[in-house]
Amino acid sequence: MKTEQVDVLVIGAGPAGTVAASIIHQAGYKVKVVEKQKFPRFVIGESLLPRSMEALEEAGFIDAIKAKGFQQKFGAKFVKGDALCDFTFQEQYTPGWTWTWQVTRADFDKTLADTVESMGVPVSYETTVTGIRFNGSDSVTTVEDKDGHQSEIAARFIVDGSGYGRVIPKLFNLEKNSNLQPRKALFAHTVDTRRSMADEPNRITAVVHKPGVWIWIIPFATGVTSLGFVGDPEFFEQYPGTDEDKYRALLEAEPYTRERFRDVELVFEPRILQSWSATTDKFYGDGFVLTGNVTEFLDPIFSSGVTLACVSAQTAAKLVIRKLKGEAVDWEKEYMEPTMQGVNTFRSYVMAWYEGILDTIFFKKDADPVIKGQICSVLAGYVWDMSNPFVKNHDTALKRLARTIELTDKLKSSSAIE
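Going by the annotation in an unreviewed UniProt entry, the name recorded for the chain is FAD-dependent oxidoreductase, with Chitinophaga hostae given as the source organism.

**Student:** Mind showing me how you'd approach the overall build of the chain here?
**Tutor:** A count of helices and strands for the chain gives 13 helices and 20 strands. Against the 2.2 N^0.38 benchmark of 22 Å for 418 residues, the chain shows a C-alpha radius of gyration of 22 Å, consistent with a compact globule. The principal-axis extent of the C-alpha atoms belonging to the chain is close to 80 × 45 × 40 Å. Sorting the 418 residues of the chain into buried and exposed places 56% on the buried side. Counted over contacts in the chain with a minimum sequence separation of 6, partners at least 24 positions apart contribute 72%. Accessible surface computed for the chain: about 17,600 Å², of which carbon and sulfur atoms make up 49%. Here the chain contributes 48 positive and 56 negative side-chain charges, whose respective centroids are spaced 1 Å apart.

**Student:** I keep staring at the nonpolar core and nothing clicks. Help me out?
**Tutor:** Most often, soluble globular proteins keep nonpolar side chains buried together rather than apart. In this structure, Leu56, Phe78, Phe302, Trp353, Ile361, Phe362 and Ile375 are the most contacted members of the largest nonpolar core, which totals 101 residues. The contacts of leucine 56, once residues within four sequence positions are left out, are Val19, Leu48, Phe61, Ile62, Ile65, Phe108, Leu112 and Cys310. Of all hydrophobic cores here, the second largest spans 19 residues; its members include Val213, Ile217, Tyr239 and Phe261.

**Student:** So what exactly am I meant to see when it comes to the packing of helix 8 (residues 304–324) against helix 9 (residues 331–354) here?
**Tutor:** Packed helices, taken two at a time, are described by their axes: the angle between them and the distance between them. Running from N to C, helix 8 and helix 9 cross one another at 175°; their axes reach a closest spacing of 11 Å. Judged on the interaxial angle alone, helix 9 and helix 8 are roughly antiparallel. Contacts between helix 8 and helix 9 involve Ser304, Leu308, Ser312, Thr315, Ala316, Leu319, Val320 and Arg322 from the former and Trp331, Glu334, Tyr335, Gly342, Val343 and Phe346 from the latter. Among the residues making up the contact of helix 8 with helix 9, the classes are represented as eight nonpolar, four polar and two charged.

Conventions used here
- Residues numbered from 1 in each chain as written.
- Predicted model: local features only at pLDDT ≥ 70, side-chain atom pairs only at ≥ 80, totals over all residues.
- Heavy atoms only, no water.
- Helix = DSSP H or I, 4+ residues; strand = E, 2+ residues; numbered from the N terminus.
- Rg over C-alpha atoms; globule rule 2.2 N^0.38 Å.
- Buried < 20%, exposed > 50% of the residue type's maximum accessible area, 1.4 Å probe, protein only.
- Contact = heavy atoms within 4.5 Å.
- Areas by Shrake-Rupley, 256 points an atom, 1.4 Å probe, with all protein chains shown as cover.
- Lys, Arg positive; Asp, Glu negative; His and termini not counted.
- Charge placed at Lys NZ, Arg CZ, Asp CG, Glu CD.
- Core = buried A, V, L, I, M, F, W, Y, C linked by side-chain atoms within 4.5 Å.
- Axes fitted to C-alpha atoms, helices over the stretch in contact; angles between N-to-C directions.
- Parallel < 35°, antiparallel > 145°, perpendicular 65-115°, else oblique.
- Nonpolar A, V, L, I, M, F, W, Y, C, P; charged D, E, K, R; others polar.

This is the structure:
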């Protein structure tokens, strides 16, 4: 069997894999990427966050992405009935990027993969990892191409950025269930000819449809808009018929989408994604590191997926470089802990969203601009800024703020009655 020698094998050609591959390659190491699918391929995660731009910039991808003309994104809007909360990234508390993109991931991911390939990193598509043997931190990975031909790749280190494929966790039984409730999404791309009757296209809109059920609306530069309903799987059972019947009934049931998307042309038939939340016991081992969705994928709300993928890959790549130089790396302190800091901050916001805590905060009239700016930083992906109390105390700050708002409103109501 043919064996190829590299310094680093990267599994997966999505954002996590390509960011890591680029940064390690720029440090002078021989890198190879293997990808199970053929690109371009569809995946959700279409709305980026400003913090991801720092990783994309270090990887050398910004110019290539700009050249594609993707829709720029300057904020996020939340809607519940007649109430509206609009966040503009210019308002954020943490210094950093104040804009990003909304992208069709098939085109975006191919742009990153093509760019890293143009740098001199080979990418083998339709190549499946079938086994990995470790000898200390060295490894030999067996792969199989689309024609069934097997070969081996010997590497000094492996970066697993395989996303939902979760290659190393599945091979070595590292998977465990997330503590988040299983949810389902029913979504499609729509030809959004009535976009002008609604809002500006330069932000994502999240609509509260019912308690625990929400809608994402992500406009692209092409005139197509991604629109999906997310909720408990049982919620969708009340709608009869095909997935398209259900989808159109849901569009009609929500006042915010009813007129704009009535009889809308669909780019593809509605698709389902469900039970996506998964995690693993540890994000590293002797000779490998897990990045992106392989570590933990939370939920579509707040668009954290690509940002966690890019930032975890950016951090991991620098540690891999140090490891290859012979330096000591404390993977627990330098990788696991900061990665979990980001994941857990977003987890607190995801849980607060579904519990209705963020409804109380977002839709409060006359919001404190300082607090709004601090929360805006989290929504921009700056979940590692420990000077922000809504990051440092992510597990308690939202609940305290919601209780304060409710108490204040109650006191005002009592005063008005008197």
